[in-house]
Each structure stands twice: as C-alpha cells, then as structure tokens.
Amino acid sequence: MTTKTENSKSVSNTGSFIEIKGARVNNLKNISIKIPRNELVVFTGLSGSGKSSLAFDTLYAEGQRRYIESLSSYARQFLGKMQKPDVDDISGISPAIAVEQKTNNSNPRSTVGTSTEIYEYLKLLYSKIGKTYSPVSAKEVTRHTTKDVVQLISEQADNTIIYIFCPIIIATSRDFKDQLQILLQQGYTRLVNGNDIVRINDLIKEKKSDKKNYHLLIDRFVYENDNEDLEKRIIDSIETAFTEGNGTCFVRVFKDEDNYTDHAFSNKFEADGITFIEPTPHFFSFNNPYGACQTCNGFGNTIGIDEDLVIPNKSLSIAEEAIMCWRGEKMSEFKNLLMINAHKFNFPVHKPISELSDEQYELLWNGNEHFCGLNEFFEHIKEQTYKIQYRVMLARYRGKTICPDCKGTRLRKDANYVKINGKSITQLVLMPIDELLEFFKNIKLTKHEQEVSGLILKEIINRLSVLCDVGLSYLNLNRLTSTLSGGETQRINIATSLGSWLIGSMYILDEPSVGLHPRDTKQLIGVLKNLRDIGNTVIVVEHDEDIIRQADYIVDIGPKAGVNGGNIVFSGIYEDLLKNKESITAKFFNKELDISVPTSRRKWKNYIMINGARENNLKNIDVKIPLSIITTITGVSGSGKTTLVKNILYPALKRELGGSGEKSGKHDKISGDINKISHVEIIDQNLLGRSSRSNPATFVKAFDDIRQLFSKQKLAEINGFKPGHFSFNIKGGRCEECEGNGYITIGMQFMADVKLVCDECKGKKYKQETLEIKFNNLDISDVLELSISEAIDFFNNSKTFVDICQRIVKKLNPLEEIGLGYLKLGQSSDTFSGGEAQRLKLASYLTDSNIENTLFIFDEPTTGLHRYDIEILLKSFEALIRKGHTILIIEHNTDIIKSSDWIIDLGPEGGKNGGYVVFEGTPEDIINCENSYTGKFLKEKM
C-alpha cells in the first residue's frame with residue numbers, strides 16, 4: 001500500500017511498478033527504469049531530451065498496441081501487425097489514455113459543450129424531463145391520455161350522469177349531412193347540441209342545420225365506482241372519442257339535471273392553437289437538420305450586411321461620416337435625410353457611434369417615418385442589383401453576421417420553448433460554467449424526474465466540475481473552440497478525458513499547465529491528485545515548477561537535448577532531486593542557474609492604440625501597444641488576453657496594413673503610429689501544416705540544396721537523376737507503395753488511425769535505386785535521419801561541393817540557435833509540439849532579411865520549454881528587436897514577464913469579472929500593484 005505524506009510525497013512499495021527495460025525510441029539511450037504505479041509522476045528535462053519519446057512513443061504506444069492485440073483475429077486482419085516500440089520489455093502498464101497538445105479546432109460547429117460532450121448530456125436531459133411552454137400564454141403544453149380522462153371520471157361520485165362526446169370531423173370532399181349519413185352507418189345515433197340530445201335521423205330530415213353547434217355523442221352512462229364492465233366500456237368510449245374527434249375528447253359531468261361541467265381533453269401536443277413538437281435529443285442538436293435553425297443551418301451566422309464594414313470607425317459620428325455607405329455625392333442623400341430630421345426624434349447625430357444607446361443604435365439600422373434606416377437602405381440596394389455598380393457596392397459590405405432568426409444560438413426557435421426549472425437549453429449554454437454548475441447542483445426536480453435523470457445529471461455535474469477545476473469556469477458551453485487560446489484548448493482536452501473518471505488506467509498528459517496562470521495551477525494539481533487517488537497512474541510531461549514540487553515521483557531525462565539527451569539523469573522524490581549535481585532542472589531549483597532580470601528596460605514613444613475593445617468579456621477598454629520593444633500581455637486565465645490580441649488587434653491591424661484580414665472583434669478603432677510598422681505576423685501554437693510531408697529541411701528550404709547535392713553525384717548523373725528524383729513528394733525516386741510517406745495509414749472506425757511501417761521501403765521513403773546514390777557514405781534517407789546539429793557538423797566537414805554544403809549550413813544554423821538542434825531534418829511537421837512549431841516559425845523570420853518593421857505576436861511561446869530553453873528563446877527575441885521589429889507576447893511564464901520591457905496586465909479575474917486593464921508599466925512597478933495577481937507571483941522572481 002502506498003503511504004502519502006501531508007505534502008503528497010510518497011514512494012511506492014516494491015512490486016507496484018511499471019518497468020521499462022531497454023527503451024531506444026528516437027533518442028532514448030537504451031534506458032531502463034521502474035515507475036511507481038498509482039502515483040503522480042512527472043517527466044521533466046530539456047526540450048528534446050526524450051520525455052515525450054518515453055511517455056507517448058514508448059508507454060502509450062505499447063498500451064495501444066496491446067489493446068489492438070487483444071482484439072479478435074477477425075478485427076486484427078484489417079489492421080495488420082502494429083509495430084512494437086523499440087524497447088526490450090515493458091511490464092505493469094494499465095490501459096493508457098493520452099492527452100496530447102493539440103491546436104485549436106477550426107470546425108465552425110465545434111463548441112466547448114460539444115467537445116466536452118456535456119451538450120450531448122444536456123440534449124438527453126431536455127428530451128427526458130424538459131417541459132414545453134406555450135409562448136402565447138406561458139402555460140405548460142401537455143398531451144392528455146386515456147388514463148387522464150379515466151382519472152377525472154373515477155373522481156366522480158356514484159350515480160353521476162356522464163357524457164363522452166367529441167367534435168364532428170368532416171372530410172373536405174363532403175358536406176355536413178353526408179358526414180351524418182356515414183356516422184349513422186357506423187352505428188352512431190345521437191349528437192350533442194348544447195343542453196340537448198339530438199337524433200342523427202331527425203337532423204338529416206331537416207332542410208338546414210348548423211354544423212358548428214353539434215358534437216358526436218359517443219357514450220352516456222351513470223357512473224358506478226366498482227363496476228369492472230363499466231370501466232372497460234369507459235376506456236373503449238374514450239379511445240373512440242379521441243379517434244373520431246381527431247385527438248379531441250369532451251367529458252360532461254352532471255351535478256343535477258340542468259347543471260353540468262364540460263371538460264376538454266386533447267391527445268395532441270398543442271396549446272393556444274399551436275401544435276408543438278415533442279422533445280427528442282435531435283430536437284436540440286444544431287448539428288442535425290432537424291434541430292438546427294433553418295436560416296443559418298446551425299452555424300449561428302449568415303452571410304449578410306457586416307456592421308463593422310458599414311461602420312468601421314465607431315469613434316466617428318453620423319455628421320463625421322461614420323457610415324461608409326452613406327458617403328459620396330449620391331448616397332449622402334440618405335445621411336442628409338437623417339441629419340435634417342434628427343431633431344424631430346432627438347437623435348444625436350454629433351455623438352460618436354460607440355456612445356449611442358442600444359435604442360439609438362437600433363433606430364439607426366431600423367429607421368422610422370422620418371428617415372430610411374440602414375436595413376431599408378440595403379434592401380433598396382438589393383433591388384438595384386441588376387446594375388453592376390450596386391452589385392459591387394453590396395459585395396463590399398457583405399460578411400458574416402449573427403443570424404437574425406436564432407440570434408446566434410444555432411437552434412430552431414421552438415427548442416427554446418422547452419424548459420427545466422424555468423431555463424431553456426440556450427439559456428444554460430450561455431451561462432458561465434461556474435454558474436451552470438451551481439444551477440445543476442441546486443436543481444429542483446420531482447421524484448419521477450430524479451429517477452429518470454439521475455445518471456445524466458451526475459455526468460453533467462462531474463464534467464462541469466472538472467472544467468472548473470482546470471481553470472475554465474469563466475467559459476460558457478456555447479463558446480466556439482476555434483476562438484479559444486492554445487492553453488484553453490489543451491485544458492478542454494484534459495477535461496474531456498478526465499470527465500469520465502476511469503479507474504485503474506494510466507493517464508499520460510502533455511504539459512497540462514500550458515496557458516494557466518500560476519494562480520490557477522493549484523486547482524490543476526488538485527485534479528491530477530484526485531485522478532491518482534481514485535486508483536490511476538498519472539504521468540505528466542511538465543516543466544512547471546509547482547507541479548514538479550507536488551509530484552510523488554520525478555523522472556528527469558537529459559542531460560541535454562537530441563543526441564546529448566535520452567538518459568535518465570534522475571528518478572526519485574523532489575527532496576532527492578535537489579541533491580542531484582547532474583540535473584539541469586535541479587540547478588534551476590537550487591538557483592545555481594537562473595534567468596537574470598535585465599539591468600535596464602527599453603524606452604518607447606511610438607505605439608498602436610486599441611480603442612473601445614469590448615469583444616467577449618472585454619469591458620470597453622483602451623490599450624496602448626508600444627512599438628520597438630518587448631511587451632507582454634498577462635493576466636489570469638480568461639481575463640481577455642487572447643480576445644484582445646488575436647481576435648481584435650491582429651485582424652484589425654492586418655486589414656489596416658492592406659491584408660485581407662478576418663473579421664475583428666468588437667472595438668471602436670485601431671489608431672496610433674500604424675505607419676511605423678509594415679507587417680504583422682502571429683506565431684501561435686498551430687502546426688506548420690497538416691501535411692506529414694513538411695519537415696524542418698523543407699521549411700527552411702535546405703532540402704532544395706540537399707536534393708541538388710545528391711543529383712550532382714556521379715552515379716546520379718550516369719542514371720540521369722535530377723533533383724526532383726530525390727523528392728519524396730513526387731513520382732520518380734520515391735517509394736510508390738507508401739507514396740514517399742514511409743508508412744501506410746490504416747483507418748480505424750472507432751479509434752485513432754494506425755500507422756504501419758511500409759514493407760516495401762522499410763520506412764526509408766525511397767526506392768532502392770535512389771538509396772544507392774550516396775554523399776560521404778550517407779544516402780538521402782540517412783541524411784533526413786540526421787538531427788539538425790548532426791547535419792550542420794556533417795555538411796561543415798565536407799571536403800567536396802563546399803558551396804552547396806555551406807548554403808545548407810547557413811539555412812540550418814538558425815534552427816540550432818533557436819534550440820531546435822535536436823530535431824531530425826526529416827521529422828514530419830505534424831509531430832511537432834506547439835512550442836516547436838512556434839520556434840521553427842521564429843527561426844524562419846530570423847533569417848528573412850526582407851521583412852522589416854514587423855509586429856510579431858507570440859501566443860504562449862514557452863509552451864514545451866524548459867527554463868534552460870527559455871533563456872535561448874529570449875536571446876532570439878533580442879535578435880528580432882535589434883533588427884527593428886516589435887514583439888508582443890501573450891504569456892504567463894514569469895521568466896518571460898520579468899524579461900519584458902513593458903507589461904499590460906488584464907483582469908483582475910477571469911470571465912465576467914475580467915476584461916479590465918489592471919496595470920500598464922514595467923516589471924519593477926507591477927510587483928507593487930495590489931490588484932495584480934501577476935505582480936504577486938512575479939515579486940518572488942524579481
């Protein structure tokens with residue numbers, strides 16, 4: 001049994017281990033290690049030291065392989081044999097679950113609710129216990145059954161006279177008397193007319209009759225409580241009434257001969273003259289044609305008139321020509337009409353658009369009897385589109401706009417008529433997650449509703465709790481995943497995997513602290529410990545100091561990266577790590593190594609101003625972004641950093657500088673010294689491309705020279721091989737069995753695709769005739785297997801084709817300088833972590849002499865970086881500044897923050913309590929700001 005101390009430090013008893021013998025995957029140096037089971041284990045070490053190779057490519061890959069081997073022989077025949085990781089033996093592993101770093105989902109239908117599966121449970125909950133309310137009377141819509149009618153009758157006293165009757169339904173091809181004849185033939189003989197009973201025969205003989213006053217009498221009887229034969233007769237009569245009355249049945253209960261009460265029943269789902277649809281899970285699905293809004297097809301937006309294109313600068317007034325389409329000699333007539341008549345309805349034509357009230361802004365678009373609003377104006381333009389100039393004008397102002405029917409909720413309107421505890425499903429998905437959790441914890445249900453929904457509610461509460469625990473309480477379930485930051489996306493993935501709370505598993509997580517402010521890390525550690533305590537082995541690849549301190553067991557891999565890594569430097573508890581003399585991680589903990597605070601900060605005078613930023617939770621803030629220095633935007637998770645920079649600044653500035661630019665978030669304008677910059681580039685955690693054919697050599701264009709080098713070898717010239725023959729992207733010298741990939745992908749229906757090494761080329765990507773061409777005893781495949789550091793040495797030491805070799809070295813050097821020397825030349829870009837992808841992009845800009853005066857935006861550039869590597873990253877930032885560029889960083893890492901020239905701190909909290917500018921200034925000043933959480937954590941580092 002494992003005994004945990006108060007600080008969660010522990011050492012497992014002998015016999016409860018995951019044992020790895022002889023691991024040689026990637027750069028691992030034939031390592032063997034015992035890892036305690038059912039503990040929180042951290043793998044740490046420099047970037048590229050082999051942490052992911054051990055955690056994911058060895059442990060997880062073996063877990064997946066063993067699962068596939070456990071399948072039936074019938075299933076395995078479609079898979080082939082999955083390659084075993086390059087390891088002698090692994091014992092003691094449990095079923096493995098991996099949570100890797102992934103970039104944002106660009107699917108326009110993917111939301112926080114759908115990606116965490118909480119929305120699936122909400123749909124099920126509403127279809128099971130949701131109550132439909134009429135929008136007219138707000139009364140609950142119910143469907144009566146035979147049981148309901150029987151219940152009413154059974155409540156009456158003995159000897160009560162009761163009539164059961166229904167409306168007369170007349171087919172369109174018949175008149176009233178024809179219908180009476182048919183009823184007579186069916187055996188019915190009497191009708192009810194007010195207080196009277198009328199025989200059908202008598203009514204047919206009359207020349208005229210008012211069909212509206214008559215109902216078909218199904219049965220009349222004197223009620224007796226214990227008469228079983230009468231009970232069966234009553235049930236038959238009720239069902240007949242529902243059938244003949246097309247779902248409507250009336251029961252008349254007599255108190256005496258002239259005093260009675262009529263009761264109406266309907267087995268239709270209707271009220272107030274409206275027929276409603278009974279809820280099903282598909283009824284609440286915006287990804288299903290049945291539940292999606294018919295106007296926007298479930299996207300929440302349509303192509304219409306984009307308000308931001310019509311009024312691009314909201315700091316201007318109507319008089320200052322804020323409305324773009326009302327400029328010019330002819331179109332200004334519409335503006336003049338508003339200006340002339342504005343006094344009649346007290347409209348402020350000299351007030352900036354951003355300061356108009358909601359009612360005034362709506363009036364501007366909808367107009368009134370005194371002037372034509374913008375909506376009517378564009379309808380007028382649409383009527384003129386047979387003329388080319390009007391078609392061009394209309395196209396200029398078209399863009400994605402919120403759907404006018406569903407108001408962006410994506411669901412059909414009548415789905416919002418269904419409520420639980422007075423809330424529709426749309427209201428719930430728009431709530432912050434912490435408020436939604438409270439709603440479900442305090443939900444009031446009947447005993448029957450609790451029985452039906454107990455398990456569903458448990459799943460919803462569990463998953464919402466995990467989202468809160470990983471620091472995402474400020475989001476709502478309707479938030480598109482494409483608008484989340486990289487760190488938020490990573491934690492959504494964690495919450496999705498951890499929400500099920502499996503037991504007896506091996507969870508392997510890749511840097512769960514990415515994007516998390518130091519203040520929120522404590523909650524994440526609590527989640528990881530809870531996962532451990534219920535009986536799981538939790539293995540975390542991590543650099544965060546707080547998580548390393550709280551780990552039960554630490555494995556430090558290194559000592560450095562690439563060929564200089566792959567060894568176990570240390571394994572044990574935190575206290576013993578501090579005593580280790582070889583571990584670079586330990587040296588940073590012991591302050592033997594540290595990232596020093598700059599002795600001075602750069603001054604600035606030029607800036608870009610964001611006015612009136614109010615997208616998502618931003619509170620109409622004005623922010624100055626200094627130029628020619630390093631600025632870091634900080635704040636707790638959900639404070640508005642990504643919204644301000646990636647959703648507002650970047651697209652708006654891109655448009656100002658002449659790029660197409662996506663639609664920017666809500667703000668008034670971008671102003672300041674925009675003419676001082678020429679380009680704006682965003683370097684985030686998105687991969688360089690989805691293609692597995694892209695690699696570091698192709699990215700920096702060194703592969704062009706490598707192919708040329710091989711084409712100049714004597715055997716290549718004899719065979720007539722050109723540079724294209726050495727490309728794995730085109731036919732010629734590549735292996736056609738795998739089309740130059742080196743592996744065959746097997747599509748799996750219910751799990752991740754499996755990649756098998758190509759039997760033809762054995763993973764080398766090329767035909768045998770191509771591999772016979774060698775340069776300094778290496779073929780083209782061997783060169784691609786070299787690390788960048790090895791490749792630089794290889795080409796530097798070449799005595800032949802020196803010019804080409806030096807060109808290759810010149811292109812590879814920036815990758816080495818940025819700390820990526822451990823990557824292989826031919827490593828597929830889709831295998832890079834977010835941090836590696838960022839640094840590869842950064843290296844390309846460092847070598848590009850054509851880019852001048854650029855604003856570089858970095859989103860969490862320390863992702864995947866050890867503190868040793870952060871020091872190298874900071875040197876690269878310095879190099880960009882020396883070239884005259886500007887750097888803006890979204891970051892929580894205190895080493896980056898303390899090394900910045902200027903800090904903009906947002907907050908003070910996340911979500912609705914965030915979105916304010918808490919602080920603007922230098923690192924020296926923020927530590928004295930009482931309202932800044934960042935300042936409190938930075939104070940320890942300064």
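Structure: see above.
Residues numbered from 1 in each chain as written. Predicted model: local features only at pLDDT ≥ 70, side-chain atom pairs only at ≥ 80, totals over all residues. Heavy atoms only, no water.

(A) Inspection of the sheet that holds strand β19 (residues 506–510) at higher detail. Strand order in the open sheet formed by 6 strands is β5-β19-β20-β3-β21-β22, and the pairing between neighbours is mixed. Because the sheet does not close on itself, it has two edges, and the strands there are β5 (96–99) and β22 (567–572). For this sheet, the mean inter-axis angle between neighbouring strands, taken without regard to orientation, is 15°. In the packing of helix α1 (residues 51–69) onto the sheet, the strands contacted are β3 (40–45), β5, β19, β20 (537–541) and β21 (553–558), and the crossing angle to β19 comes to about 145°. Against the sheet, helix α18 (residues 521–533) makes contact with β3, β19 and β20, and its axis sits at roughly 145° relative to β20, the strand it touches most. (Pairing = 2+ DSSP bridges. Helix = DSSP H or I, 4+ residues; strand = E, 2+ residues; numbered from the N terminus. Axes fitted to C-alpha atoms, helices over the stretch in contact; angles between N-to-C directions. Contact = heavy atoms within 4.5 Å.)

(B) Spatial organisation of the environment of Asn 267. Summarising the element assignment, Asn 267 is placed in the loop between β12 (260–266) and β13 (270–271). Asn 267 sits in the partly exposed class, given a relative accessible area of 26%. For Asn 267 and Thr 248, which are 19 residues apart along the polypeptide, the C-alpha to C-alpha distance reads 6.6 Å. Apart from residues lying up to four places away in sequence, Asn 267 is in contact with Arg 143, His 144, Phe 242 and Gly 247. (Buried < 20%, exposed > 50% of the residue type's maximum accessible area, 1.4 Å probe, protein only.)

(C) Structural view of the sheet that holds strand β1 (residues 17–23). The 3 strands are arranged β2-β1-β4 in an open sheet whose pairing can be described as antiparallel. Each end of this open sheet is capped by a strand with a single partner; those strands are β2 (31–36) and β4 (87–91). Averaged over all neighbouring strand pairs, the angle between strand axes comes to 5°, with direction disregarded. Here β1 pairs with β4 via 4 bridges, running antiparallel. Considered in β4, the bridge of Ala 23 is made with Val 87.

(D) Looking closely at the layout of surface pockets. Estimates place the volume of the second largest pocket at around 620 Å³. Along its surface, the second largest pocket is lined by 29 residues, and Pro 518, Asp 544, Glu 545, Asn 893 and Thr 894 are the ones closest to its centre. Contributions of two or more residues to the lining of the second largest pocket are made by α19 (545–550), α31 (867–882) and α32 (894–898). Top element by residues in the lining of the second largest pocket is α19. It accounts for 3 residues. Among the residues forming the lining of the second largest pocket, the class breakdown is 6 nonpolar, 11 polar and 12 charged. (1 Å grid on protein atoms, 1.4 Å probe; cavity = no way out; pocket = protein on both sides within 12 Å on 5 of 7 lines; lining within 4 Å. Points joined across faces, edges and corners; volume = space filled by probe spheres on them. Nonpolar A, V, L, I, M, F, W, Y, C, P; charged D, E, K, R; others polar.)

(E) Fine view of the nonpolar core. With 65 residues, the main nonpolar core has Leu 122 and Phe 440 as its most contacted residues. Excluding anything up to four places from it in sequence, Phe 440 contacts Leu 122, Leu 125, Leu 428, Leu 457, Ile 460, Ile 461 and Leu 464. In this structure, Phe 703, Leu 812, Tyr 822 and Phe 832 belong to the second largest nonpolar core, which totals 59 residues. (Core = buried A, V, L, I, M, F, W, Y, C linked by side-chain atoms within 4.5 Å.)

(F) Seen up close, the side chain of Asp 668. Turning to its location among the elements, Asp 668 is positioned in the loop between α22 (641–656) and β26 (669–672). In this structure Asp 668 touches Pro 312, Asn 313, Lys 314, Ser 315, Ser 354, Asn 611, Gly 612, Arg 614 and Asn 620, once residues within four positions along its chain are discounted.

(G) Summary view of the state of the cysteines. Using the criterion set out here, one finds 0 disulfides in the structure. We note that Cys 735 lacks a disulfide partner, and the nearest cysteine sulfur, in Cys 738, lies 3.8 Å from it. (Disulfide = S-S within 2.5 Å.)

(H) Local environment of helix α12 (residues 374–383). All of the buried residues along α12 are Leu 374, Phe 377, Phe 378 and Ile 381. All buried residues of α12 fall inside an arc of 90° around its axis, so they share one side. (Arc of directions from axis to C-beta.)

(I) Just helix α10 (residues 332–341), in detail. Every buried residue of α10 is accounted for by Ser 332, Phe 334, Lys 335, Leu 338 and Asn 341. Elements in contact with the buried residues of α10: α11 (358–366) and α12.

(J) View of empty space enclosed by the protein. Tallying each qualifying case throughout the model produces 3 cavities of 30 Å³ or more. Of the volumes computed, that of the largest cavity is approximately 70 Å³. Along its surface, the largest cavity is lined by Thr 111, Gly 113, Tyr 119, Phe 286, Thr 409, Leu 411, Thr 426, Val 429, Leu 477 and Asn 478. For the lining of the largest cavity, the residue count by class is 5 nonpolar, 5 polar and no charged. For the second largest cavity, the calculated volume is near 60 Å³. Elements supplying a minimum of two residues to the lining of the second largest cavity: α19 and α21 (584–589). Among the elements that line the lining of the second largest cavity, the one with the most residues is α21, at 3 residues. In terms of residue class, the lining of the second largest cavity is built from 3 nonpolar, 4 polar and 2 charged.

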